Amino acid sequence: MIYVDLDDVACETCDSLAAFARRHFDRDVTAESMFDYDLRKSFDFDEATYRRYMRSFHSTELLDIPETPEACRIIAQWAEQGLDPVIVTGRPTYANADTREWLDAHGLGGVRILHVDKYAKLFNPSEDPLITPFPALRDMDVRFAVDDAPNAIRMIVETRLCPFAVFTRPWNRHYAPPETDLPHYRVTHWHEIARIVEGIFG
């Protein structure tokens, strides 16, 4: 199994998040100015505004987010090769249907979605049956992971999940993963990810 984060790894969510904040929440922000993926910090939102923003964004914008260049082609190729790429996302489970529709529209109809508690149950109640606890990934034969969120990388290291790559984005540009003997990489393009996976799987 290959763990693939969706937002800002397989698709360009940061640009859409910033544009939505400019249009509807009077925030003069760009993707490059997003110094923290916690939008309460990057967009200076209080808790109530943040939750209203995220609910509104997830309800209206998900289908229009563009893919990251080459991501879907490479993920589809992995699926054809039997490498079992899986979307491991911290999106709320109420976004599952739109997430599935986006993947289908981008040629990834056979790729599974796992909603994982990367953000400490920020959006989902603990009893939500669609949520996979992060430690449960250890039982899924995950052989490589790519994510952009420092908290997700921290959990990969803490659970000793697998080799991993940090996909460079403005909020993680100066981030250093916790010390680990797991092989890990810093990447900026999907061609780099493809080369790493080829080295792991042959």
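### Points about the packing of aromatic side chains
Next, step 1: Counted under the stated rule, the structure contains twelve aromatic pairs.
Next, step 2: Ring centres 6.4 Å apart and planes at 65° place the aromatic pair Tyr3 and Phe134 in the edge-to-face group. Here Phe134 lies in the loop between β4 (131-132) and β5 (144-147) and Tyr3 lies in strand β1 (residues 2-4), a separation of 131 residues in the sequence. Pair check on accessibility: Tyr3 and Phe134 agree, each one buried.

### A few points about the sheet that holds β1
Next, step 1: Spatial ordering of the open sheet is given by β4-β3-β2-β1-β5-β6-β7, a layout of seven strands whose pairing is parallel. Two strands in the sheet have a free side with no partner beyond their single neighbour: β4 and β7 (184-187).
Next, step 2: Both β1 and strand β2 (residues 85-89) contribute to a ladder of three bridges, which runs parallel. Its bridge partner lying in β2, Tyr3 is registered against Val86.

### So, the pattern of salt bridges
Next, step 1: Within this structure, the stated rule accounts for 15 salt bridges.
Next, step 2: A salt bridge links Arg169 to Glu12, with the shortest nitrogen-to-oxygen separation between them at 3.0 Å. One end of the pair, Arg169, is in the loop between β6 (164-167) and β7; the other, Glu12, is in the loop between β1 and α1 (13-25), and 157 residues separate them in sequence. As far as burial versus exposure is concerned, Arg169 and Glu12 are alike and both buried.
Next, step 3: Among the ionic pairs, Asp84 bridges to Arg112, the shortest N-O distance being 2.9 Å. Taken together, the residues Asp84 in the loop between α4 (71-80) and β2 and Arg112 in strand β3 (residues 112-116) connect sequence positions 28 residues apart.
Next, step 4: Relative accessible area serves as the criterion here: at 32%, Asp84 is assigned to the partly exposed category.

The rules we used
Residues numbered from 1 in each chain as written. Predicted model: local features only at pLDDT ≥ 70, side-chain atom pairs only at ≥ 80, totals over all residues. Heavy atoms only, no water. Phe/Tyr/Trp six-rings, centres within 6.5 Å; stacked < 30°, edge-to-face > 60°. Helix = DSSP H or I, 4+ residues; strand = E, 2+ residues; numbered from the N terminus. Buried < 20%, exposed > 50% of the residue type's maximum accessible area, 1.4 Å probe, protein only. Pairing = 2+ DSSP bridges. Salt bridge = Lys/Arg side-chain N within 4 Å of Asp/Glu carboxyl O.

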